[in-house]
Amino acid sequence: MKKAFNVLLFSSLFLMCGCSAPISLPYEDDAEILYNNNVETLKNWSFQFNEETNDYSLFFGLLNKNNEEISAEIDVDIRIVNDEGEEVYEETKNVFETDFDYYTSQAAEEQYLAELRIPAADIISGRSSNGTVFFNGI
């Protein structure tokens, strides 16, 4: 039941913008990727279930005020609320420069994104198997 809940809850988000495993590590020549705490914009976020590891991945990118991709050490508040209004997951996760890497998806070319993992067992069952993921960088 819990797995069915989790799969149904996030299948629509995955279909819209799912990402795959990293295809490469950052290169020394990637000078356009800046380590910078001046985050202006969040971009290209997605949430997907990883069947082989029984967890979820939250992917997102960051841009500075010059619209350049950046890495940043930030805290991310994550909440999942089902359609019955029940909070089924809540946690603050630390994001480090090493959490950013290059990823590809079916909907987009290579992107520089952070990945945060959430074990499926950490998401509690509720009265509804549909819901919404909320996250905020602080």
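The structure presented is a predicted model; accordingly, all values stated were derived computationally and were not measured.

This part is about the overall build of the chain. Helices and strands together make up the secondary structure of the chain, namely one helix and ten strands. Secondary structure elements in the chain, listed N-terminal to C-terminal, are α-β-β-β-β-β-β-β-β-β-β. Here the chain holds 138 residues, and the buried ones make up 42% of them. Within the chain, residue pairs in contact and separated by at least 24 positions form 68% of the contacts whose partners lie at least 6 positions apart. Of the roughly 7800 Å² of accessible surface on the chain, a fraction of 48% belongs to carbon and sulfur atoms.

Below, the discussion takes up the nonpolar core. Core analysis: the largest hydrophobic core is formed by 25 residues, its most contacted members being Phe60, Val76, Ile78 and Val95. Secondary-structure elements contributing two or more residues to this core are β3 (41-50), β4 (55-63), β6 (74-82), β7 (87-95), β8 (100-105), β9 (111-119) and β10 (131-137). With sequence-adjacent residues up to four places away left out, phenylalanine 60 is seen in contact with Leu42, Lys43, Asn44, Trp45, Ile74, Val76, Val95, Phe100, Leu113, Ala114, Leu116 and Phe135.

For sheets, the rule is that strands pair by backbone hydrogen bonds, running either parallel or antiparallel. Ordered in space as β7-β6-β10, the three strands form an open sheet in which the pairing is antiparallel. Strands at the two margins of the open sheet, each flanked by one partner only, are β7 and β10. Pairs of neighbouring strands in the sheet enclose a mean axial angle of 15°, with direction left out of account. The pairing of β6 with β10 spans seven bridges and is classified as antiparallel. Across the sheet, isoleucine 80 pairs through a bridge with valine 133, a residue of β10.

Our next topic: the pairing of β7. Summarising the sheet, β6 and β7 pair through eight bridges and their orientation is antiparallel. Within β7, the residue paired with isoleucine 78 across the bridge is glutamate 91. Between β6 and the antiparallel strand that follows it, β7, lie four residues; glycine 85 among them carries a positive phi value of about 85°.

Position of serine 46 among the secondary structure elements: in strand β3. A residue is classified by how much of its surface remains accessible, and serine 46, at 2% relative accessible area, is buried. For the pair serine 46 and glycine 61, spaced 15 residues apart in the sequence, the C-alpha separation amounts to 9.8 Å.

Pairs can form between side chains of opposite charge once their charged atoms are near each other. Using the criterion set out here, one finds six salt bridges in the structure. Residue glutamate 115 pairs with arginine 117 through a salt bridge whose shortest N-O separation is 3.3 Å. A relative accessible area of 35% places arginine 117 in the partly exposed class. Three or more residues joined by partner-sharing salt bridges are found here, namely Asp55, Glu115 and Arg117.

Parameters at a glance
- Residues numbered from 1 in each chain as written.
- Predicted model: local features only at pLDDT ≥ 70, side-chain atom pairs only at ≥ 80, totals over all residues.
- Heavy atoms only, no water.
- Helix = DSSP H or I, 4+ residues; strand = E, 2+ residues; numbered from the N terminus.
- Buried < 20%, exposed > 50% of the residue type's maximum accessible area, 1.4 Å probe, protein only.
- Contact = heavy atoms within 4.5 Å.
- Areas by Shrake-Rupley, 256 points an atom, 1.4 Å probe, with all protein chains shown as cover.
- Core = buried A, V, L, I, M, F, W, Y, C linked by side-chain atoms within 4.5 Å.
- Pairing = 2+ DSSP bridges.
- Axes fitted to C-alpha atoms, helices over the stretch in contact; angles between N-to-C directions.
- Salt bridge = Lys/Arg side-chain N within 4 Å of Asp/Glu carboxyl O.

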